Amino acid sequence: MKNIFIFIFTISFSLAAQAHQAAPQLLKEPAAWQFERFDLPPAFAPGFPYYGAEELGFSLGMFKKDSQDYFTYAFVSELESTKAFRRKTSGIICSGILKVYVAAKQMIVNS
């Protein structure tokens, strides 16, 4: 299970080129962390039914296995005109990230 989360967030991090980089508006601390912000719905999950923005913060040791803060991150989403968030919508983003990664790596997935 941990591997799937590492996989998903590695993909998310590799999509940083698509991310809209701006000053953090929601996730301001810790200031030393790497920062990423992108619009919702993201390009890799166009079926995501909400609009807004997502900010991610990655610890300095995020991808260093021997670091005390290995795989430490935080994220927050700001959704426009939304009263409720349906749990299944998070799967849309995960599916989108996986599709982009599989295509980029030219992988064959047997289902």
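The following refers to the structure shown. (Residues numbered from 1 in each chain as written. Predicted model: local features only at pLDDT ≥ 70, side-chain atom pairs only at ≥ 80, totals over all residues. Heavy atoms only, no water.)

Below, the discussion takes up the nonpolar core. Grouped together as the largest cluster of nonpolar side chains are 10 residues: F38, L40, F44, A45, F48, Y50, L56, F58, M62 and F71. Of all elements in the fold, only β1 (34-40) and β2 (52-58) reach the threshold of two or more residues within this core. (Core = buried A, V, L, I, M, F, W, Y, C linked by side-chain atoms within 4.5 Å. Buried < 20%, exposed > 50% of the residue type's maximum accessible area, 1.4 Å probe, protein only. Helix = DSSP H or I, 4+ residues; strand = E, 2+ residues; numbered from the N terminus.)

This part takes up unusual backbone geometry. Of note, the bond from E29 into P30 is cis; its omega dihedral lies within 30 degrees of zero at -10 degrees. Along the chain, P30 falls in the loop between α1 (2-14) and β1. Backbone torsion omega between L40 and P41 reads 0 degrees, so that peptide bond is classified as cis. Locating P41 in the fold gives a position in the loop between β1 and β2. The residue F71 is not glycine, and still its phi comes out positive at about 55 degrees. Residue position: F71 is located in the loop between β2 and β3 (73-79).

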